[in-house]
Amino acid sequence: MQYERDVEDTTSLEGWVINKCNQWRDHYESNYQEKFDEYYRLWRGIWAQEDSMRQSERSRLISPALQQAVESSVAEVEEATFGRGKWFDIKDDYMDQQPQDIQYLRLKLDEDMRFAKARKSIAECLINSAVFGTGIGEIVLEQTLEMVPATQPVMDGAMEAVGVEQRTRTVVKLRPVMPQNFLIDPVATNIDEALGVAIDEFVPLHQVELAQEAGIYDSEANVTTASPDTDIEADQDLTLYMDDKVRLTKYYGLVPRYLLDEAKTTEGDEESSTESNQSEYVEAIVIIANNGILLKAEENPYMMKDRPIVAFPWDVVPSRFWGRGICEKGYNAQKALDTELRARIDALALTVHPMLAVDASRLPRGSKLEVRPGKAILTNGNPAEVLQPFRFGNLDANTFNQSASLQQMVQMATGAIDAAGIPGSINGDSTAAGISMSLGAIIKRHKRTLINFQDSFLLPFVTKAAHRYMQFAPELYPVKDFKFVASSSLGIIAREYEVTQLVQLLQTMSPESPMYPLLIQSIVDNMNLSNREEIIAGLQQANQPNPQAQQLQEQQFQMAIAKEQATLEYVQAQTAEVMTRVQQNQVETQLLPVEAETDRYTAVMKGMGSEPTEKEFNRRAKIAELALKQREIETKEDIVEMQMRGKRS
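Not measured: the values here are computed from a predicted model. (Residues numbered from 1 in each chain as written. Predicted model: local features only at pLDDT ≥ 70, side-chain atom pairs only at ≥ 80, totals over all residues. Heavy atoms only, no water.)

A. A look at the overall build of the chain. Across its full length, the chain carries 17 helices and twelve strands. Classification of the 649 residues of the chain by burial places 38% in the buried group. The contacts of the chain with a sequence gap of at least 6 include a subset with a gap of at least 24, amounting to 71%. As presented, the chain carries roughly 38,700 Å² of accessible surface, and 53% of it is formed by carbon and sulfur atoms. (Helix = DSSP H or I, 4+ residues; strand = E, 2+ residues; numbered from the N terminus. Buried < 20%, exposed > 50% of the residue type's maximum accessible area, 1.4 Å probe, protein only. Contact = heavy atoms within 4.5 Å. Areas by Shrake-Rupley, 256 points an atom, 1.4 Å probe, with all protein chains shown as cover.)

B. Spotlight on the sheet that holds strand S7 (residues 281–289). With respect to topology, five strands assemble into an open sheet ordered S4-S5-S6-S7-S8, the strand pairing being antiparallel. Only two strands of the sheet have a single partner each, and these edge strands are strand S4 (182–184) and strand S8 (293–299). Neighbouring strand axes in the sheet, compared pairwise and without regard to direction, differ in orientation by 15° on average. Direction of pairing for strand S6 (residues 245–256) relative to S7: antiparallel, over a ladder of nine bridges. What sits directly across from Gly-253, in S7, is Ala-284. Where helix H1 (residues 13–44) meets the sheet, it contacts S4, strand S5 (196–204), S6, S7 and S8, and its direction lies at approximately 100° from that of S6. Against the sheet, helix H5 (residues 205–213) makes contact with S5, S6 and S8, and its axis sits at roughly 110° relative to S5, the strand it touches most. (Pairing = 2+ DSSP bridges. Axes fitted to C-alpha atoms, helices over the stretch in contact; angles between N-to-C directions.)

C. Local environment of the sheet that holds strand S9 (residues 309–313). One open sheet accounts for three strands, arranged S3-S2-S9; its pairing is antiparallel. Because the sheet does not close on itself, it has two edges, and the strands there are strand S3 (159–177) and S9. Across this sheet, the average inter-strand angle for adjacent strands is 25°, counted without regard to direction. The pairing of strand S2 (residues 134–154) with S3 spans 19 bridges and is classified as antiparallel. In the strand pairing of S3, Pro-149 is matched with Val-164. Seen against the sheet, helix H4 (residues 118–132) touches S2, S3 and S9 and runs at an angle of roughly 20° to S3.

D. Summary view of the side chain of Lys-329. Among the secondary structure elements, Lys-329 is positioned in helix H7 (residues 326–329). In contact with Lys-329, other than residues within four places in its own chain, are Trp-314, Asp-315, Arg-324, Ala-413, Thr-414 and Arg-445.

E. Representation of H1 in the model. Its 32 residues give H1 an end-to-end C-alpha distance of only 40 Å, which falls more than 12% under 46 Å, the value for a rise of 1.5 Å per residue. By the largest-angle criterion, Tyr-32 marks the main kink of H1, which is about 55°. Where H1 terminates, the next one or two residues include Gly-45, which has phi positive at roughly 75°. (Expected span 1.5 Å × (residues − 1). Bend = angle between axes of the 7 residues up to and from the residue.)

F. Looking closely at the pairing of S9. Buried residues dominate S9, accounting for five of its five residues. Alternating positions in S9 separate into two faces, Ile-309, Ala-311 and Pro-313 on one and Val-310 and Phe-312 on the other, with burial throughout. In terms of strand pairing, S2 meets S9 through five bridges, oriented antiparallel. Residue Thr-134 lies in a different strand from S9, and its bridge partner there is Pro-313.

G. Expanded view of unusual backbone geometry. At Lys-117, a residue that is not glycine, the phi angle is positive and equals roughly 55°. One non-glycine residue, Ser-319, lies in the positive phi region at around 60°. Following the sequence through the fold, Ser-319 ends up in the loop between S9 and H7.

H. Structural context of the confidence of the model for the chain. Taken over all residues, the pLDDT of the chain has a mean of 79, while the share at 70 or more is 78%. By mean pLDDT, the top-scoring element of the chain is S4 (96), and the lowest-scoring one is helix H16 (residues 594–608) (61). Low confidence marks residues 1–7, where pLDDT is under 50. Its contacts with residues over four positions away, or in another chain, come to 21 contacts. Here residues 431–435 scores under 50 on pLDDT; set against residues more than four positions off or in separate chains, the count is two contacts. (pLDDT = per-residue confidence, 0-100.)

I. Molecular detail of the pattern of salt bridges. Per the stated rule, a full pass over the model turns up 25 salt bridges. A salt bridge links Lys-335 to Glu-38, with the shortest nitrogen-to-oxygen separation between them at 3.0 Å. Of this pair, Lys-335 sits in helix H8 (residues 331–352) while Glu-38 sits in helix H1, and the two are 297 residues apart along the sequence. Owing to a relative accessible area of 11%, Glu-38 belongs among the buried residues under this scheme. One salt bridge connects Arg-169 with Asp-112, and the closest N-O pair in it is separated by 2.6 Å. In this pair, Arg-169 sits in strand S3 while Asp-112 sits in helix H3 (residues 100–115), placing the two residues 57 residues apart along the sequence. This pair shows no difference in class: Arg-169 is buried, exactly as Asp-112 is. By sharing partners, the salt bridges in this structure join Lys-108, Asp-112, Glu-146, Arg-167 and Arg-169 into a single network. (Salt bridge = Lys/Arg side-chain N within 4 Å of Asp/Glu carboxyl O.)

J. Layout of the packing of aromatic side chains. A complete count under the given rule lists 21 aromatic pairs for this structure. Between Tyr-40 and Phe-132 the ring centres are 6.3 Å apart and the planes differ by 5°, which places this aromatic pair in the stacked class. Here the residue Tyr-40 occupies a position in helix H1, and Phe-132 occupies one in helix H4, the gap between them amounting to 92 residues. Classification of Tyr-40 by relative accessible area gives buried; the value is 8%. (Phe/Tyr/Trp six-rings, centres within 6.5 Å; stacked < 30°, edge-to-face > 60°.)

K. Main features of H8. Taking 1.5 Å of rise per residue, 22 residues should cover 32 Å, and H8 covers 31 Å from first to last C-alpha, within 8% of that figure. Those residues of H8 that sit buried are Ala-333, Gln-334, Lys-335, Leu-337, Asp-338, Thr-339, Glu-340, Leu-341, Arg-342, Arg-344, Asp-346 and Thr-351.

L. Quick look at a negative patch on the surface. A surface patch of negative charge is lined by Glu-209, Glu-213, Asp-243 and Asp-244. Residue position: Asp-244 is located in the loop between H5 and S6. On the basis of relative accessibility, which here comes to 45%, the residue Asp-244 falls in the partly exposed class. (Patch = residues over 30% accessible without salt bridge, like charges linked within 9 Å, V, L, I, M, F, W, Y side chains within 5 Å. Lys, Arg positive; Asp, Glu negative; His and termini not counted. Charge placed at Lys NZ, Arg CZ, Asp CG, Glu CD.)

M. Up close: the nonpolar core. Counting 87 residues, the largest nonpolar core has Trp-87, Leu-109, Ile-122, Phe-182, Leu-295, Phe-453 and Phe-461 as the members making the most contacts within it. No other element matches the ten residues that helix H11 (residues 432–472) contributes to this core. Once you skip the residues sitting within four places of it in the chain, Phe-453 turns out to touch Val-77, Thr-81, Ile-122, Leu-126, Phe-312 and Leu-458. If you look at the next biggest cluster of nonpolar residues, it comprises 20 residues, including Trp-16, Val-17, Cys-21 and Ile-288. (Core = buried A, V, L, I, M, F, W, Y, C linked by side-chain atoms within 4.5 Å.)

If you want it as structure tokens, here you go:
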């Protein structure tokens, strides 16, 4: 039963909002609802008659290939985001000289995120994005009453009473939103450029009544149980619960200013003055119950004037808000695989279970023919002539190979790694090079989705949550212009691939190499170990030099330098001595003055006899030349010997 959309009055604020929401829902139902419902059934493994490919299908089997692809892909993004514990960081201005405020804000924001269970909500948004193509979350600000154990002195401090202390705490939560509960301007491609967005869903009646008591909603509004509407229910197969629920429509976006002013005046507030330079539209928050009861209408109260909605597509479809998820990517392969398996199961029923061809004219009148152990079958005549076993033939064994190929097509379409060991897949018969190439392509696809998730969902959520804490809890959060960055790392598949590469590189390196400890540290850092931080700290401490050993090594180095310096000085002194000798010999062999040289030649001529000949002269000159060469050789040998003694010393 669908709720009647009979609110067409656009003269009031609630009528204008409901009219827009009805138009947007009509667009969603005509374009996306049927496909999203089928994606949901394929992911959950729920059979429906409209999902059958043949009218003669009797089996209701649904292959888990698409379920495995969704869970594997989501787990990879979750591991890359939350696997290291620290999933976001903060950057401050370059000129800031006090980095302590960054560290405090990051730790405080991380503590409040854990208290609000933000990780669980983000994981649910990832599941929605993988199944439907788009993950949507609403940022909700709540004042919660926190109860903590405490002690209090009594009887003038003589004793301490044990009890519970209550304190109010501001909490920013992320609430996942299903696609059928989300409405957006059809021509918009993101949250900010749309005229507005709305969340249309059923909530418990007591939540609305508590909000009225707290003054959040209009306390004079009479809210009753809403009529059922299967289009916005969370689950398609559950029996509808009819009592104590309210259809709540929360609209975030632009509304006509005059309608908002009229609504405020009706509620008893002072009418705001409209200036001539103001825009016709104003950013507002409008909450309506049961498609006609205005509970709250106010201008956007947040200091950044942003809408408390974050959304991201698993895979971007150009010029469209709704993205493309894992179920849409693997839809055709999954449908073919289901058809193949159901046909096999139907054929198996015909080939395995026994059947009989019977001559009906020779059976006793009124007999009921059944085939079971111990059953006596009465016939009029020879049973071999009346009864005959009947078979349709044997089941084709090629259907196994066809099913495996179709399952590999699901993996190809979605980019998820199949753990069943299909030939040609990661765990199959591929070579090392083939596995490396396959892993590289898969990691790139996961990295693309991860970056899209960070830029469109994770960082906007952290930024908006921090701004709300700054506005509503300024005593705990410093109000500054911080820049948030994601601290996501490699997913589990990418880590295993990188560890394999590092191990192969480690085998080619000597343990004495200075890069060897760094590679070991990188391998441990990529492993999913419970005590990874302790192991890394131990490796870093082991790589740090011992001060005493470092001092001893420095002393040995200084001694070696001094020894080399002394050896060099000794060799230089010996060389200088030899060179001095050579110079003296050269001086002695130089020509004497003219008179002394004349006397020397006269003495030489006398030694030659009374008749000196040219032959005798040449002989004596040659002897003198040989003597000079011998002296030169001896001098060089002395130099070499001195250098060798210097090196040995």
